[in-house]
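Given next are the chains, with one letter for each unit.
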Number of protein chains: 4
Amino acid sequence: MTPIHFECDKLIRFHHCDPAGIVFYPQYFVLFNELVEDWFNQGLGIDFARFHVEQGMGVPMGSIVCRFLSPSKVGEMLHLSLSINRIGKSSLELNVSGKAGGETRVQATLTLVLASLETRRSLPFPSELRNKLEGYLLPASG
Amino acid sequence: MTPIHFECDKLIRFHHCDPAGIVFYPQYFVLFNELVEDWFNQGLGIDFARFHVEQGMGVPMGSIVCRFLSPSKVGEMLHLSLSINRIGKSSLELNVSGKAGGETRVQATLTLVLASLETRRSLPFPSELRNKLEGYLLPASG
Amino acid sequence: MTPIHFECDKLIRFHHCDPAGIVFYPQYFVLFNELVEDWFNQGLGIDFARFHVEQGMGVPMGSIVCRFLSPSKVGEMLHLSLSINRIGKSSLELNVSGKAGGETRVQATLTLVLASLETRRSLPFPSELRNKLEGYLLPASG
Amino acid sequence: MTPIHFECDKLIRFHHCDPAGIVFYPQYFVLFNELVEDWFNQGLGIDFARFHVEQGMGVPMGSIVCRFLSPSKVGEMLHLSLSINRIGKSSLELNVSGKAGGETRVQATLTLVLASLETRRSLPFPSELRNKLEGYLLPASG
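Quick summary incoming for the structure in this document. (Residues numbered from 1 in each chain as written. Chains lettered and ligands numbered in written order. Predicted model: local features only at pLDDT ≥ 70, side-chain atom pairs only at ≥ 80, totals over all residues. Heavy atoms only, no water.)

Residues and elements named next belong to chain C. Turning to its location among the elements, Arg-105 is positioned in strand 6 (residues 103-113). Overall, the relative accessible area of 4% leaves Arg-105 in the buried class. In this structure the C-alpha to C-alpha distance between Arg-105 and Arg-50, which are 55 residues apart in sequence, comes to 32 Å. In this structure the side chain of Arg-105 is engaged in a polar contact, spanning 3.4 Å, whose partner is the side chain of Ser-72. Side-chain polar atoms of Arg-105 contact the side chain of Glu-76, separated by 2.5 Å. (Helix = DSSP H or I, 4+ residues; strand = E, 2+ residues; numbered from the N terminus. Buried < 20%, exposed > 50% of the residue type's maximum accessible area, 1.4 Å probe, protein only. Polar contact = N/O pair within 3.5 Å; in protein donor to acceptor, adjacent residues only side chain to side chain.)

Have a look at this one:
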């Protein structure tokens, strides 16, 4: 079985751009947040809002490694792609890229942590969630 | 001569926080952008706005490595500190941290690139700017 | 001919919401900006990005009257609707509403001004643009 | 006794501005939110964060009337001023203006509502809060 990538397109909007006319880089992280939200809703079949509000769980960011390779301009369509590098006990390493105009604009490794919103402590992935996540796990290289 | 850190305090505001009541992580990057702006204006003595508008130069983000160690809450005062790890021909590796309540909340390495806003290409640091930057360069560990 | 409303749905995302768990009101204006952008692109058939970048024109906000009738929560789908109350020489009065869960959440009158990005002065609507706009003009009451 | 205005200065930052190089108008509302926050903390002597987190109260926006008179550019210092037009049972009409370069850039009337964060219903002003608010009430004209 080939690994699954979750993919979606995001229009680069006027409000994403800075006075230099290109995406203000923190807005890429807002778009990555939308990507994770869309992935939960559409890819994993987990309602992201209920996950927070009813189940009291969240996926705060633990760490980020991100390269901004080329600027994106207003009106461009950014193609976002997400897959999983590694699933830990309560954390998840995502591989995310944004492409437009035939080139990679941004490439990131995001480590999300499953956490209780109440205690703000990490939680082990429930097995049902872990099973869903594994569908997006890239095969180990080597 | 001891290396200089540029430091400033930023109040965690209501609009920085998410439904979990803690800083929404892209807002840390907005605060880092304010920190760089304040550093130019107050630390380096370079008017950040004129640098863009009149000199046509910018410092877009090239890459980021960032760890979010502990959440920050509305009403807390985040103490930001900036120093330079490395000065390249046209890029700059900054070491940035945010502390509050006696603990480090966020720690990042930011690589900024000096670029022409018109051509969007990197520019070598003018010697006057390089001299100013060197005042914030950490001594090489060795 | 019945007047046309331009309509689109916007998911209330995690990043739109504040620590109270509801839309942080400035985010409604970001969504209204997306609505106007979508209206140009899809409704009027005018590429909003080219309109700015190539034609050097913009539609800055002149004034706003807005009522926030009921809060919107993360995960809700906000149905936005836009029509025109009045077309002046170089300004445009839009009627915008956002509905969800069978109730109106936000209702606004937005006055946009056609302006040159270079001179920052208002411009009279070109006749081709005016003709397109008239398709969204509500009939005068009375 | 002369009416008191609460005043503060806000630097127009790079991240407030859009590709046209001027303040993206929803950012004015973010700045107004900071103004209200500063007013609570410094003017009224009420810790805005504790007001939310510990007292479970908020001041959501009920309605806005706002005119954008002239654009503000990156690097400008915006002088914000706040006073009260009217104090109702559970709502408050604020008069807010932003000035720079000797001219008014933005002028707004903001109606805030005192609300319980839990029930999301309006609350009558406690007498202690009402007394503090009255120090910023403009004398009735006429």
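After presenting the structure, the write-up continues.
In this assembly, 22 residues from chain C lie in contact with 22 residues from chain D. Regarding the contact of chain C and chain D, the summed buried area is about 1,900 Å², with carbon and sulfur atoms giving 65% of it. It is Tyr-25, Ile-64 and Arg-120 of chain C that lose the most area in chain C upon contact with chain D, and together they represent 30% of the buried surface on that side. In this structure, the connection of chain C to chain D is made through 0 salt bridges. Our count for the contact surface shared by chain C and chain D stands at 7 residue pairs in polar contact (both at pLDDT 80 or more). For the side of chain C that touches chain D, the secondary structure elements donating two or more residues are helix 1 (26-44) and strand 3 (61-68) of chain C. Sorting elements by how many residues they give to the side of chain C that touches chain D places strand 3 of chain C first, with 8 residues. Looking at the side of chain C that touches chain D, its residues break down into 15 nonpolar, 4 polar and 3 charged. In this sheet, strand 3 (residues 61-68) of chain D lies alongside strand 3 of chain C in antiparallel orientation, the contact comprising 5 bridges. (Contact = heavy atoms within 4.5 Å. Buried area = accessible area lost by both parts, 1.4 Å probe. Salt bridge = Lys/Arg side-chain N within 4 Å of Asp/Glu carboxyl O. Nonpolar A, V, L, I, M, F, W, Y, C, P; charged D, E, K, R; others polar. Pairing = 2+ DSSP bridges.)

Take the sheet that holds strand 6 of chain C next. Spatial strand order, 1(C)-4(C)-5(C)-6(C)-3(C)-3(D)-6(D)-5(D)-4(D)-1(D): 10 strands in an open sheet with antiparallel pairing. At either margin of the open sheet sits one strand with a lone partner, and together these are strand 1 (6-11) of chain C together with strand 1 (6-11) of chain D. Strand-to-strand, the axes of this sheet are offset by a mean angle of 20°, without reference to chain direction. (Axes fitted to C-alpha atoms, helices over the stretch in contact; angles between N-to-C directions.)

Following both chains from N to C, one finds helix 1 of chain C and helix 1 (residues 26-44) of chain D inclined at 180°, their axes separated by 8 Å at the closest point. Overall, the two elements helix 1 of chain C and helix 1 of chain D adopt an arrangement that is roughly antiparallel. For the pair helix 1 of chain C and helix 1 of chain D, contact is made by Pro-26, Phe-29 and Val-30 of chain C and by Pro-26, Phe-29 and Val-30 of chain D, respectively. Broken down by class, the residue content of the contact of helix 1 of chain C with helix 1 of chain D amounts to 6 nonpolar, no polar and no charged. (Parallel < 35°, antiparallel > 145°, perpendicular 65-115°, else oblique.)

On to the packing of aromatic side chains, then. If you walk through the whole model with that rule in mind, you get 50 aromatic pairs over all chains. Arranged with centres 5.5 Å apart and planes meeting at 65°, the rings of Tyr-25 of chain C and Phe-68 of chain C form a pair that is edge-to-face. Taken together, the positions of Tyr-25 of chain C in the loop between strand 1 and helix 1 and Phe-68 of chain C in strand 3 put the pair 43 residues apart, joining distant regions of the chain. Pair check on accessibility: Tyr-25 of chain C and Phe-68 of chain C agree, each one buried. Between the aromatic rings of Phe-29 of chain C and Phe-29 of chain D, the centroid separation amounts to 4.7 Å while the plane-to-plane angle is 25°, which identifies the pairing as stacked. Of this pair, Phe-29 of chain C sits in helix 1 while Phe-29 of chain D sits in helix 1, which puts the two residues in different chains. When sorted by exposure, Phe-29 of chain C lands in the same class as Phe-29 of chain D, which is buried. (Phe/Tyr/Trp six-rings, centres within 6.5 Å; stacked < 30°, edge-to-face > 60°.)

Next up on the list: the sheet that holds strand 4 (residues 77-87) of chain A. Read from one edge to the other, the open sheet built from 10 strands follows the order 1(A)-4(A)-5(A)-6(A)-3(A)-3(B)-6(B)-5(B)-4(B)-1(B), with strand pairing classed as antiparallel. Of all strands in the sheet, those with a lone pairing partner are strand 1 (6-11) of chain A together with strand 1 (6-11) of chain B, marking the two edges. On average, each strand axis in the sheet is inclined to that of its neighbour by 20°, with strand direction left out of account. Sheet analysis places strand 3 (residues 61-68) of chain B next to strand 6 (residues 103-113) of chain B, joined by 7 bridges and oriented antiparallel.

So, on to the side chain of Ser-90 of chain C. Note that Ser-90 of chain C resides in the loop between strand 4 (77-87) and strand 5 (91-100). Residue Ser-90 of chain C is classed as buried on the basis of its relative accessible area of 16%.

Turning our eyes to something else, we now look at the interface of chain B and chain A. Across the boundary between the two partners, chain B contributes 22 residues, which contact 22 residues of chain A. Across the chain B/chain A interface, buried area totals approximately 1,900 Å², and carbon plus sulfur atoms make up 65% of it. The interface formed by chain B and chain A contains 0 salt bridges. At the level of secondary structure, the elements contributing two or more residues to the side of chain B that touches chain A comprise helix 1 (26-44) and strand 3 of chain B. A per-element tally of the side of chain B that touches chain A places strand 3 of chain B first, with 8 residues. Residue composition of the side of chain B that touches chain A, grouped by class: 15 nonpolar, 4 polar and 3 charged.

The next point concerns the environment of Arg-13 of chain B. Relative to the helices and strands, Arg-13 of chain B is located in the loop between strand 1 and helix 1. Spatially, the C-alpha atom of Arg-13 of chain B lies 5.4 Å from that of Val-74 of chain B, the residues being 61 residues apart in sequence. The residues contacting Arg-13 of chain B, other than those within four sequence positions of it, are Val-74 of chain B together with Lys-10, Glu-34, Glu-37 and Asp-38 of chain D. A distance of 3.4 Å separates a polar side-chain atom of Arg-13 of chain B from the backbone oxygen of Glu-34 of chain D.

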